[in-house]
Amino acid sequence: MIPSIDPKPPGKRLIKKMSTRTKWMILAPLGLLLFSFGLTVLSEAAHQRRIGEPTQVWVVLGLYSLALINGGLIMFGEALRFRILLDVRRETRRSMRQLLRKVNLKASNSKTKSGKKAKSPTKTD
């Protein structure tokens, strides 16, 4: 008998279970760290070129730095997406609560008035 195997890798399931806030808190610093490390490698590649190292050395370092910089920017962009999603959800919940309070307030006011019309504050008897 062959056991059933989940086709998704375990890391994908772990990420799916994470909250949006956790994803944001992990991706933002890692993206910035990767970006800054890529800039460091880029400056090293420029230094290698300046001192006259063979072309292969500084080109490979430059390509590596390009991959690191782009990877860092992509990770930070994803973190930014998660942060915006958090803010939109918070604002949506807040506006829904305010709308619910207004509806509940109007419903409770209509019950207390018992169908009588209120007198105008400007009229005098």
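Residues numbered from 1 in each chain as written. Predicted model: local features only at pLDDT ≥ 70, side-chain atom pairs only at ≥ 80, totals over all residues. Heavy atoms only, no water.

Undergrad: What should I look at first to understand the overall build of the chain in this one?
TA: The number of helices and strands found in the chain is three helices and zero strands. Counted from the first residue to the last, the chain has its helices and strands arranged as α-α-α. Residues classed as buried in the chain amount to 14% of the 125 residues present. Roughly 10700 Å² of accessible area belongs to the chain as shown, and the carbon and sulfur atoms make up 65% of that amount. (Helix = DSSP H or I, 4+ residues; strand = E, 2+ residues; numbered from the N terminus. Buried < 20%, exposed > 50% of the residue type's maximum accessible area, 1.4 Å probe, protein only. Areas by Shrake-Rupley, 256 points an atom, 1.4 Å probe, with all protein chains shown as cover.)

Undergrad: Sorry, what's going on with the pattern of salt bridges here?
TA: Side-chain pairs of opposite charge can arise where the charged atoms are in close proximity. Taken as a whole and assessed by the stated rule, the structure comprises four salt bridges. Here Asp87 and Arg83 are joined by a salt bridge, their closest N and O atoms 3.5 Å apart. Of this pair, Asp87 and Arg83 both sit in helix α3 (residues 55-113), separated by four residues, roughly a single helical turn. In this structure Asp87 comes out as partly exposed when scored by relative accessible area, which is 27%. (Salt bridge = Lys/Arg side-chain N within 4 Å of Asp/Glu carboxyl O.)

Undergrad: Can you help me understand a nonpolar patch on the surface in this one?
TA: On the surface, Ile26, Leu30 and Leu33 cluster together to form a nonpolar patch covering roughly 270 Å² of accessible area. Taking relative accessible area as the criterion, Ile26 reaches 37% and is therefore assigned partly exposed. (Patch = residues over 30% accessible without salt bridge, like charges linked within 9 Å, V, L, I, M, F, W, Y side chains within 5 Å.)

Undergrad: Would you explain the confidence of the model for the chain in this entry?
TA: Low-confidence regions, as indicated by low pLDDT, have predicted coordinates that should not be scrutinised in detail. Looking at the chain as a whole, the pLDDT averages 88, with 88% of positions reaching at least 70. The weakest mean pLDDT in the chain belongs to helix α1 (residues 10-17) at 81; the strongest belongs to helix α2 (residues 20-50) at 95. (pLDDT = per-residue confidence, 0-100.)

Undergrad: Quick question: what am I supposed to make of the side chain of Lys23 here?
TA: Inspection of the secondary structure puts Lys23 in helix α2. Of the buried charged residues, Lys23 lacks a salt bridge, with Glu78 as the closest side chain of opposite charge at 8.4 Å. Filtering out sequence-adjacent residues up to four positions away, Lys23 remains in contact with Ile15, Met18 and Phe82. (Lys, Arg positive; Asp, Glu negative; His and termini not counted. Contact = heavy atoms within 4.5 Å.)

Undergrad: Please explain the packing of aromatic side chains as it appears in this structure.
TA: How two aromatic rings sit relative to each other is set out by the distance from centre to centre and by the angle between their planes. Counting across every chain of the model gives zero aromatic pairs. Over the ring of Trp58 we find Arg49, and its NZ or CZ is 5.0 Å from the ring centre. It is Arg83 that lies over the ring of Trp24; its NZ or CZ is 4.6 Å from the centre. (Phe/Tyr/Trp six-rings, centres within 6.5 Å; stacked < 30°, edge-to-face > 60°. Lys NZ or Arg CZ within 6 Å of the ring centre and 35° of its normal.)

Undergrad: Can you help me understand α2 in this one?
TA: For an α-helix, the turn length of 3.6 residues means that residues three or four places apart are oriented alike. In this model, α2 (31 residues) spans 45 Å end to end at C-alpha, consistent with the 45 Å of a helix rising 1.5 Å per residue. Of all the positions in α2, only Thr20, Lys23, Leu27, Ala28, Gly31, Gly38, Val41, Ala45 and Gln48 are classed as buried. Directly after α2, the chain includes Gly52, whose backbone phi takes a positive value near 95°. (Expected span 1.5 Å × (residues − 1).)

Undergrad: Explain the side chain of Ser65 here, please?
TA: One can find Ser65 in helix α3. Residue class for Ser65 comes out buried when judged on its relative accessible area of 1%. A polar side-chain atom of Ser65 sits 2.7 Å from the main-chain carbonyl oxygen of Gly62. (Polar contact = N/O pair within 3.5 Å; in protein donor to acceptor, adjacent residues only side chain to side chain.)

Undergrad: What am I meant to see in a positive patch on the surface here?
TA: On the surface, Arg89, Arg93, Arg97 and Arg101 cluster together to form a positively charged patch. Along the polypeptide, Arg89 turns up in helix α3. (Charge placed at Lys NZ, Arg CZ, Asp CG, Glu CD.)

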